[in-house]
Amino acid sequence: MIEFIDGASFSRMMIHAAASINLHKQPINELNVFPVPDGDTGTNMSLTISAAATELRKKPATTVGQAAATTASALLRGARGNSGVILSLLFRGFSKAVKDKDTIDGRDLAIALDYGVAAAYKAVMKPTEGTILTVSRLAARRAAEVARENSAIEHVLEETIKEGHVALADTVNQNPVLKKAGVVDAGGKGFLVILQGMLDELRGEPMPEGAPVEEVKEKADFAAMSAEEITFAFDTVFIVRKLKEDVALEPFRAYLNSIGDSLVIGEDDEAFKVHVHTNTPGDALNEAQKYGVLELAKIENMRTQAEDLAAGKHVQSTDDLEAVEAELENGCAPKVAAPEKKYGVVAVAAGEGLASVFRDLGADGVISGGQTMNPSTDDIMKVIDATPAEIVFVLPNNSNIIMAAQQCIPLCEGKKVVVLPTKTVPQGISALLVLDPEADEEANIAAMTEALGSVRTSEITYAARDSDFDGFAIKRGDYLALTEHQLFGTDQDIDALLRRLAESDGVHDASFITIFYGEDVQEADAQKVLEVFQSSCPGAEITLLSGGQPVYYYLISAE
């Protein structure tokens, strides 16, 4: 049983915690309905603690006090959203409790957790039970109890997490919004993932990599959560550098509470960070400048985010600003690009690696989309209009996108649109490879249609829940192999499933095989898959590429 830790150990624990929550951020997002159903708690907490992990890697610490101070400062400046600011406050209080400590044991940990809870409750104007505040408070109380009996830090942290899970399970009964959605609190869940990551590092568990190993038991029904229930529309976050160290923020706190809710203010000696939901973000920013110099601000419309979530659409955030700016710049150009050549190509693909493949092969435009994120007809039309060609071939690369693409045909003015019914990315790539700039339209359509029909596409994903697929019982957590969208097989072992696929008819005797690995796959793991196919398919020319696609661990084309 580990009795105490030093600064280097604490740093490693925080870095491990950042990796853990990054792994589980999407399941946490799927719980997020409070204070508003904008589905970003996991992302916000992950980005917040990642800022601390980055600083800790840059600044090696010998004492716990040094490491905690670096953590608290980075969390304050990197905090995103309500959950991120509260997380920063928990560690701000923690840092104050251990500032003079070279090492800490379980008793010190319990005191530091209590300091963190006090800092968070003090900063939140109207604390709500059934949230991360409740989970952290009850967990810290348990830490104090067990530390009196056994002061080993490993034991105290383990018992803290156990009590935290009991508290988390009860949040659904404490908060009417959570009860309506039938889920536990996302912020509380994220906090426990962070503590567990710290304990795992303490025990020498390997740093998490690859795809999530845990799925939430429930997912919030965002469609049931009305955007009209959001009283204050704008999620407003900003950082202000103080004019003086001892600036009193109570009048500012009272003002913000009069124009909004979900108010949290975190501060250190040099700056303070505000999170508030309000209908008048400009007023909040103007008032802030009486207390210091505004450094950074982020404003997001939570009503539109909630509506997008309920509709199953991509939720825009300030992380999308570069793409939005590019779209606005394109909007300043002529609506329909003048034809500069006979043929153009527009493709749909999810993942930067796949998008790069299409661009390298000559596609004029690539629309981000695919399984679970289907672009609209309008999205496709904008890229068609921007393509400087007389005839534009559209490669939907997904059966759910073909119809939306076909709607563009009668809508497009000034150029002809030809939608090829590609249902997979490999089909789209094969079709694009045979496009001949010198051939006539009919010959190209025939050649591209024949090419897409010669590709056998397999996809590797996993089952998020128990289900029935093509008459087969699928268990949650099973890996699935689909060939031409039909179930090839399932297995608890992805390597065994991939080997069976490599040895199957249509793949084993193929001449050309391309393997695209997804965003959740490490390159080292993908190299092992390449070796499996090379040994199982000795007569094939095999290429391994980073596709970066979501949902599917691997997309495999065989010709």
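In this text, all values refer to a predicted model and were calculated from it rather than measured experimentally. (Residues numbered from 1 in each chain as written. Predicted model: local features only at pLDDT ≥ 70, side-chain atom pairs only at ≥ 80, totals over all residues. Heavy atoms only, no water.)

Chemist: So what's going on with the overall build of the protein? Residues and values would help.
Modeler: Helix and strand content of the protein: 22 helices and 18 strands. Relative to its full complement of 559 residues, the protein shows a buried share of 53%. Restricting to contacts in the protein with at least 6 residues of sequence separation, those with at least 24 account for 71%. For the protein, the accessible surface area stands at approximately 25100 Å², while carbon and sulfur atoms represent 50% of it. (Helix = DSSP H or I, 4+ residues; strand = E, 2+ residues; numbered from the N terminus. Buried < 20%, exposed > 50% of the residue type's maximum accessible area, 1.4 Å probe, protein only. Contact = heavy atoms within 4.5 Å. Areas by Shrake-Rupley, 256 points an atom, 1.4 Å probe, with all protein chains shown as cover.)

Chemist: So what's going on with the pattern of salt bridges? Residues and values would help.
Modeler: Taken as a whole and assessed by the stated rule, the structure comprises 20 salt bridges. Among the salt bridges present, the one from E287 reaches K290, with a minimum N-O distance of 3.1 Å. With relative accessibility at 15%, the residue E287 sits in the buried group. The network of salt bridges with shared partners includes R142, E145, E159 and K162. (Salt bridge = Lys/Arg side-chain N within 4 Å of Asp/Glu carboxyl O.)

Chemist: Describe the packing of aromatic side chains, naming the residues involved and giving the relevant values.
Modeler: Enumeration over the complete set of coordinates arrives at eight aromatic pairs. An angle of 35° between the planes, with centres 5.1 Å apart, marks the rings of F252 and Y291 as tilted. In this pair, F252 is assigned in helix α11 (residues 250-259) and Y291 in the loop between α12 (281-288) and β6 (292-301), connecting sequence segments 39 residues apart. By the burial criterion, F252 is buried, and Y291 matches it. Note on Y462 and Y553: the rings are 6.0 Å apart at their centroids and 20° apart in plane angle, and the pair reads as stacked. Of the two residues, Y462 is situated in strand β11 (residues 456-462) and Y553 in the loop between β17 (541-546) and β18 (554-558); the sequence distance between them amounts to 91 residues. (Phe/Tyr/Trp six-rings, centres within 6.5 Å; stacked < 30°, edge-to-face > 60°.)

Chemist: How would you sum up the side chain of T160? Please name residues and give values.
Modeler: Among the secondary structure elements, T160 is positioned in helix α8 (residues 153-174). The class of T160 is buried, set by a relative accessible area of 1%.

Chemist: Explain helix α15 (residues 352-360) residue by residue, including any values.
Modeler: Residues of α15 that are buried include every one of G353, L354, A355, V357 and F358, and no others. Downstream of α15 by a residue or two, G362 has a phi angle that is positive, lying close to 110°.

Chemist: So what's going on with the sheet that holds strand β8 (residues 365-368)? Which residues, and what values?
Modeler: Reading across from one edge, β8-β7-β9-β10 is the order of the four strands in this open sheet, with parallel pairing throughout. In the strand order of this sheet, the two ends are held by β8 and β10 (416-419), each with one partner. Put simply, the sheet's adjacent strands are angled 20° from each other on average, direction ignored. Where strand β7 (residues 341-349) and strand β9 (residues 389-395) come together, six bridges link them in parallel fashion. Across the sheet, residue G344 finds its bridge partner in β9, namely V392. Together, β7, β8 and β9 form the strand contacts of α15, whose direction differs from that of β7 by roughly 170°. (Pairing = 2+ DSSP bridges. Axes fitted to C-alpha atoms, helices over the stretch in contact; angles between N-to-C directions.)

Chemist: Can you break down the environment of G362 residue by residue, with the values?
Modeler: Note on placement: G362 falls in the loop between α15 and β8. Along the backbone, G362 and G344 are 18 residues apart, and their C-alpha atoms lie at a distance of 8.5 Å.

Chemist: How would you sum up the nonpolar core? Please name residues and give values.
Modeler: Counting 67 residues, the largest nonpolar core has I49, F94, I194 and M198 as its most contacted members. With nine residues, the top contributor of residues to this core is helix α10 (residues 186-202). In contact with M198, not counting residues within four places along its chain, are F10, M13, M14, A17, F91 and L157. The next biggest cluster of nonpolar side chains, apart from the first, holds 26 residues, and it includes A526, L530, Y554 and A558. (Core = buried A, V, L, I, M, F, W, Y, C linked by side-chain atoms within 4.5 Å.)

Chemist: Lay out the pairing of strand β15 (residues 486-491) with the relevant residues and their values.
Modeler: Across five bridges, strand β14 (residues 479-483) lies against β15 in antiparallel orientation. Along β15, the bridge assignment pairs T483 with Q486. The hairpin formed by β14 and β15 contains two residues between the paired strands, and E484 there has a positive phi angle of roughly 50°.

Chemist: So what's going on with the environment of P421? Which residues, and what values?
Modeler: Among the structural elements, P421 can be located in the loop between β10 and α19 (425-433). Using a relative accessible area of 40% as the deciding quantity, one classes P421 as partly exposed. When the C-alpha positions of P421 and L395 are compared, they lie 7.0 Å apart, and in sequence the two are 26 residues distant. Setting aside residues up to four positions removed in sequence, P421 forms contacts with I402, Q427 and L452.

Chemist: Help me get a handle on the sheet that holds β11, residues and values and all.
Modeler: Taking strand neighbours across the sheet as the criterion, the six strands line up as β15-β14-β11-β18-β16-β17 in an open arrangement whose pairing is mixed. Two strands bound the open sheet, and with one partner strand each, they are β15 and β17. Going across the sheet, the axis of each strand differs from the next one's by a mean of 15°, ignoring polarity. Looking at chain direction, β11 and β18 are connected through five bridges and run antiparallel. Looking at the pairing, I460 lines up with Y554 of β18.

Chemist: Got a sec to walk through the environment of D185? Specific residues and values, please.
Modeler: Structurally, D185 is set in the loop between α9 (176-181) and α10. Sequence spacing of D185 and V135 is 50 residues, and the spatial spacing of their C-alpha atoms is 9.1 Å. Excluding residues within four positions of it along the chain, D185 makes contact with G130, T131, I132, L168, T171 and L178. A polar side-chain atom of D185 sits 2.7 Å from the main-chain amide nitrogen of G188. (Polar contact = N/O pair within 3.5 Å; in protein donor to acceptor, adjacent residues only side chain to side chain.)

Chemist: How would you sum up helix α16 (residues 377-385)? Please name residues and give values.
Modeler: For α16, every residue scored as buried is listed here: T377, I380, M381, I384 and D385. The buried residues of α16 occupy an angular sector of 135° when projected down its axis, which confines them to one face. Looking at the packing, one finds that the buried side of α16 touches β7, β8, β9, α17 (399-406), α18 (408-411) and β10. (Arc of directions from axis to C-beta.)

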